[in-house]
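Listed below, chain by chain, are the residues.
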Amino acid sequence: MNSQPPVERVVEQVRRIDATCAAPADGAIRTDVTAALTDVARVKAWLAAAEADLVRRLVGRGTFPEADIADATRCSLSEASKQRERAETLAAAPSLANGLTIGDVTPGHVDALTRAGKKLDEARRSELFDQHAELTDRARTTDVAAFDRLLKKKVKEIQADDGIDRLNRQKRAVRLRSWVDDDGMWNLAGRYDPDTARQLAQALRQATEAAFAAGAPDGAPADPIERQQFLAAHALADLVLGARANGTRSSTDALVVVDATQTDGAGGPVVDWGIPVEVPDHVLADLLGVKRPDVVVVANGIVLHAPGQLNLRRTTRLANRAQRRALRGLYSTCAIPGCGVHYDRCKLHHVVWWRHGGHTDLDNLLPVCARHHTKIHDDGWIVELGPNRQLTLRLPDGTIRNTGPPSRQAA
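These figures come from a predicted structure and were not determined experimentally.

Asker: What is the right way to look at the overall build of the protein in this model?
Answerer: Helix and strand counts for the protein stand at 15 helices and 11 strands. Looking at the protein as a whole, 32% of its 411 residues qualify as buried. A separation threshold of at least 6 residues defines the contact pool for the protein, and within that pool the share at least 24 residues apart is 50%. Here the protein has roughly 24700 Å² of accessible surface; of this, 52% comes from carbon and sulfur atoms.

And the structure:
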């Protein structure tokens with residue numbers, strides 16, 4: 001192992017990189033270029049280790065360290081949160097931290113261990129991280145993909161020995177995620193425990209048989225496997241959307257948001273039809289169903305128009321459907337800056353708390369995720385709203401952060 005001090009070694013690596021880049025491109029020797037790339041990887045690893053150490057020193061010195069990290073590095077709050085997670089992993093796995101400092105492992109290896117740790121509870125995570133010396137040795141000799149596979153195997157071994165009933169563990173591992181692919185198709189992928197899977201499979205099989213007893217619709221693939229997947233996908237959509245007895249899909253509530261402050265290519269206001277993927281205009285009517293969609297008009301943080309009763313005063317603590325619908329027109333995510341939790345998973349927080357006499361009125365409601373709702377109620381975070389919903393966030397350490405009016409395109 002190179003006994004040269006880390007900083008001196010990094011300086012020497014940077015000099016070799018600079019010398020290779022300064023040489024004429026047409027005269028570059030392949031071995032020199034690949035050696036310089038190796039030096040680049042090692043310098044990146046050293047910088048990542050230094051960054052993690054600095055982040056770890058910052059955590060605990062403020063109530064919102066992610067904001068300090070984001071300000072210092074000019075990154076997003078989401079990226080700052082990832083930097084904090086990497087620092088926490090390296091603090092729990094010192095051998096890996098040392099390997100990163102000397103360039104024997106990469107930041108990708110550290111992130112793989114971070115992901116693996118998230119699949120375990122606190123006690124079992126410690127059991128995984130206690131193997132840091134062995135894991136570091138393996139990381140030195142494998143690429144990130146192979147290391148990730150090793151960690152998945154380790155996680156399964158720990159879970160198998162954790163003394164928890166397997167079915168209960170499987171129920172805790174249930175997940176459903178969605179994404180839009182390059183072809184504009186909305187994808188779903190789910191993992192279910194055997195008990196739930198049995199019920200879902202039975203319901204889906206019955207729905208498929210009932211919906212297509214008279215024959216498959218036009219456009220069904222000829223290949224029998226593809227055909228069954230096609231029919232099952234439509235049957236699932238009918239189950240979720242609430243199919244009618246005659247086989248036609250029931251119309252669902254649709255929200256159309258008109259942003260008067262934004263303009264499209266033709267100079268008109270931007271219209272968000274509430275469809276998760278891009279579709280031609282002429283099919284929107286079919287997608288929205290026969291029911292006329294609700295329209296919310298917003299401009300610069302203000303709801304200019306929304307159907308329903310938006311001010312309930314002290315008649316009820318809980319927001320009504322009209323208020324949630326109107327706020328969805330302003331926010332796509334949690335209102336706390338940098339938080340990407342989707343609006344539909346947020347709670348509506350009373351800016352002036354209900355227990356302090358606050359009203360359940362639109363201008364006193366703010367969508368916040370569960371984590372930030374706890375910060376506000378238990379950790380002394382104070383939020384204030386301006387006339388255009390400019391957010392002022394006051395933290396216990398005296399830090400003040402301000403945002404402009406909300407934007408649905410911000411997340």
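Following the structure, the description resumes.
Asker: What's the story with the sheet that holds strand 9 (residues 382-385) in this structure? I'm lost.
Answerer: Where strands meet in a sheet, backbone hydrogen bonds hold them as pairs that are either parallel or antiparallel. In space, the three strands of this open sheet follow the order 9-10-11, with antiparallel pairing throughout. For this open sheet the edge positions go to strand 9 and strand 11 (400-402), each flanked by a neighbour on one side alone. This sheet shows a mean twist of 15 degrees between the axes of neighbouring strands, independent of strand direction. For strand 10 (residues 391-394) and strand 11, the ladder comprises three bridges, and the chain directions are antiparallel. Following the sheet pairing, R394 is matched in strand 11 by I400.

Asker: Would you mind showing me how to read the pairing of strand 6 (residues 302-305) here?
Answerer: In this structure, strand 5 (residues 294-299) lies alongside strand 6, joined through three bridges in antiparallel fashion. In the sheet register, V297 faces strand 6, and the bridge partner there is H305.

Asker: Please explain helix 9 (residues 144-160) as it appears in this structure.
Answerer: Spacing of three or four residues puts side chains on the same side of an α-helix, whose turn is 3.6 residues. In this model, helix 9 (17 residues) spans 24 Å end to end at C-alpha, consistent with the 24 Å of a helix rising 1.5 Å per residue. Put simply, D143 is the residue that caps the front of helix 9, since its side-chain oxygen is 3.3 Å from the backbone nitrogen of A145.

Asker: When you look at the environment of I376 in this model, what are you seeing that I'm missing?
Answerer: Within the element layout of this structure, I376 appears in helix 15 (residues 370-378). Residue I376 is classed as buried on the basis of its relative accessible area of 2%. Once the C-alpha coordinates of I376 and R394 are considered, the two residues, 18 residues apart in sequence, prove to be 9.9 Å apart. Aside from chain neighbours lying at most four places away, what touches I376 is H349, W353, V368, W381 and V383.

Asker: Would you take a moment to explain helix 8 (residues 132-141) for this structure?
Answerer: Taken together, the buried positions of helix 8 are H132, L135, T136 and A139. The arc that holds the buried residues of helix 8, viewed along the axis, is 100 degrees, so those residues lie on one side. The secondary structure elements touched by the buried residues of helix 8 are helix 4 (77-92), helix 5 (94-101), helix 6 (107-118), helix 7 (122-129) and helix 9.

Asker: I would appreciate a short explanation of a nonpolar patch on the surface in the present structure.
Answerer: On the surface, L176, V180, W186, L188, Y192, L200, L236, L239, V240 and L241 cluster together to form a nonpolar patch covering roughly 950 Å² of accessible area. At four residues, the largest contribution of residues to the nonpolar patch is made by helix 12 (residues 224-241). For L188, the location among the structural elements is in strand 2 (residues 186-191).

Asker: Looking at this model, I keep getting lost on the pattern of salt bridges. Mind explaining?
Answerer: Once their charged atoms are close, side chains differing in charge can pair, the charge on each being opposite to the other. This model, assessed by the stated rule, comprises 21 salt bridges. R115 is the partner of D148 in a salt bridge, and the nearest nitrogen-oxygen pair spans 3.5 Å. You can see D148 sitting in helix 9 and its partner R115 sitting in helix 6, a full 33 residues away along the chain. A relative accessible area of 43% means that R115 is categorised as partly exposed. What you see here is one network of salt bridges that share partners, running through R42, D104, D137 and R140.

Asker: Can you help me understand the confidence of the model for the protein in this one?
Answerer: In the predicted model, the protein carries a mean pLDDT of 83, and the fraction of residues at 70 or more is 85%. Within the protein, the element-level pLDDT minimum falls on helix 13 (residues 284-288), averaging 49, and the maximum on strand 8 (residues 365-368), averaging 95. Ignoring residues within four places in sequence, the model shows residues 243-252, a span with pLDDT below 50, making 16 contacts including any to other chains. Across residues 275-285, where pLDDT falls below 50, the model places 12 contacts with residues more than four positions away in sequence or in other chains.

The rules behind each value
Numbers given for residues are sequential positions, taken from 1 along each chain in its written order. Only residues with pLDDT of 70 or above have their local features reported here, since the model is predicted, and side-chain atom pairs are shown and tallied only from 80 upward, although totals for entire chains, interfaces and linings are computed over all residues. Hydrogens and waters are ignored; side-chain quantities use all the structure's heavy atoms. Secondary structure elements follow DSSP: runs of H or I of four or more residues count as helices, runs of E of two or more count as strands, with numbering from the N terminus. Type-normalised accessible area, obtained with a 1.4 Å probe on protein chains alone, sets the label of each residue: buried when under 20%, exposed when over 50%, and partly exposed for intermediate values. Note on contacts: a residue pair qualifies if any of its non-hydrogen atoms lie within 4.5 Å across the two residues. Every accessible area reported is derived by Shrake-Rupley at a probe size of 1.4 Å, with residue values counting cover from the shown protein chains alone. What makes two strands pair is DSSP finding at least two bridges between them. For helices, the fitted axis covers only the stretch in contact; all axes are lines through C-alpha atoms, and the angles between them, taken along N-to-C directions, range from 0 to 180 degrees. A helix's residues, less one, multiplied by 1.5 Å, set its expected span. Distance and chemistry together define a polar contact, namely a pair of N or O atoms within 3.5 Å, with one atom able to donate a hydrogen and the other to accept it when in protein, and with adjacent residues in sequence counting only for side-chain atoms on both sides. Note that the arc is defined by the directions from the helix axis to the C-beta atoms. Patch criteria: residues need more than 30% relative accessible area and no salt bridge. Like-charged residues are merged within 9 Å; nonpolar side chains of Val, Leu, Ile, Met, Phe, Trp and Tyr are merged within 5 Å. Any Lys or Arg side-chain nitrogen located within 4 Å of an Asp or Glu carboxyl oxygen qualifies as a salt bridge. Scored from 0 to 100, pLDDT records how confident the predictor is in each individual residue.

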